[in-house]
Each structure stands twice: as structure tokens, then as C-alpha cells.
Amino acid sequence: QVQLVESGGGLVQPGGSLRLSCAASGFTFSNYAMSWYRQAPGKERELVASITRAGVHTNYADAAKGRFTISRDNAKKMVYLQMNSLKPDDTAVYYCYTMIWRALWGQGTQVTVSS
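The notes below deal with the structure included here. (Residues numbered from 1 in each chain as written. Predicted model: local features only at pLDDT ≥ 70, side-chain atom pairs only at ≥ 80, totals over all residues. Heavy atoms only, no water.)

Turning to the overall build of the protein, a few remarks are in order. Of the regular secondary structure elements, the protein holds zero helices and eleven strands. Counting from the amino terminus, helix and strand elements in the protein follow one another as β-β-β-β-β-β-β-β-β-β-β. Taken over C-alpha atoms, the radius of gyration comes to 13 Å for the protein, in line with the 13 Å a tight globule of 115 residues would show. By principal-axis analysis of the C-alpha atoms, the protein measures approximately 40 × 25 × 20 Å. Taking contacts inside the protein between residues at least 6 apart in sequence as the whole, the part at least 24 apart equals 53%. When the accessible surface of the protein is totalled, it reaches about 6100 Å², and 48% of it is carbon and sulfur. (Helix = DSSP H or I, 4+ residues; strand = E, 2+ residues; numbered from the N terminus. Rg over C-alpha atoms; globule rule 2.2 N^0.38 Å. Contact = heavy atoms within 4.5 Å. Areas by Shrake-Rupley, 256 points an atom, 1.4 Å probe, with all protein chains shown as cover.)

The structure is reproduced here in C-alpha cells:
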């Protein structure tokens, strides 16, 4: 089955950290760039970070630079988003994304940053 499944979200205090994971299946994972997006309530979905097929190159939204790190493990078919120094503005549903023969989205994982 072709799918992406996110995990690792939750409630964290400002300044805390979370590591999101995305498990891929049903396609040749190493052939595709991967991305993390997020969508906060009342806002459009936005790109957070991307990583190339071999993991050599990464790209971050300005809001994520210096705090978030995207990585991947092609052997495990996993992509990760390490989030540090979290802020209330980071509260959103986080989605894993890739473009195979069609756009493929995960179901999302909720991240809430609040004291």
C-alpha cells in the first residue's frame, strides 16, 4: 500500500523539542525527495523543510532555519524532523509529503506548543 504515516507529535512546552517521524511504504523511497509541511488553524499549509533523495541537500523555511533539522534513512524508508527551541507559533498539524506519480500526503501529526 502506497502511504506515508507520521508519528511523534504531542504537547510540548515552549523551548522544548520533538522528533517527528514519517514511515513510507509502497514505493521506492530512495528515488524521491521528501518534505515536511505544516498547517496551523486558519492558515494555509506551508513548507517547513525538504530533503533530496540521497539526503545530501536540505532546504528550510525561514521559520525553521537554525531550529529544525530534516533527515532521512533510506534503508528504513523513514524521514525525520527534529524540532528544537519550539515556540507557540510552531503549533500545527505536521504532514509528510512527496511527489511520486501523484502527490502523496500523510495523515498528519498534531504538534502543540504551550505552557
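In this structure the tally under the stated criterion is one disulfide. Between the sulfur of C22 and that of C96 lies a disulfide, 2.1 Å long from S to S. Taking the sign of the torsion about the S-S bond as the criterion, the disulfide between C22 and C96, at about -85 degrees, is left-handed. One end of the pair, C22, is in strand β3 (residues 18–25); the other, C96, is in strand β9 (residues 92–99), with 74 residues separating them in the sequence. The same class applies to C22 as to C96, namely buried. (Disulfide = S-S within 2.5 Å. Buried < 20%, exposed > 50% of the residue type's maximum accessible area, 1.4 Å probe, protein only.)

As for its position among the elements, T91 is in the loop between β8 (78–83) and β9. Once residues lying within four places of it in the same chain are set aside, the contact partners of T91 are A40, P41, Q110, V111, T112 and V113.

A separate point is the sheet that holds strand β1 (residues 3–7). On the basis of which strands lie adjacent, the open sheet formed by four strands has the order β1-β3-β8-β7 and antiparallel pairing. One side of each edge strand has no neighbouring strand; the edge strands of this open sheet are β1 and β7 (68–73). Across the sheet, the mean angle separating the axes of adjacent strands is 15 degrees when strand polarity is ignored. Here six bridges tie β3 to β8, and the two strands are oriented antiparallel to one another. By the bridge assignment for β8, S21 is matched with Y80. (Pairing = 2+ DSSP bridges. Axes fitted to C-alpha atoms, helices over the stretch in contact; angles between N-to-C directions.)

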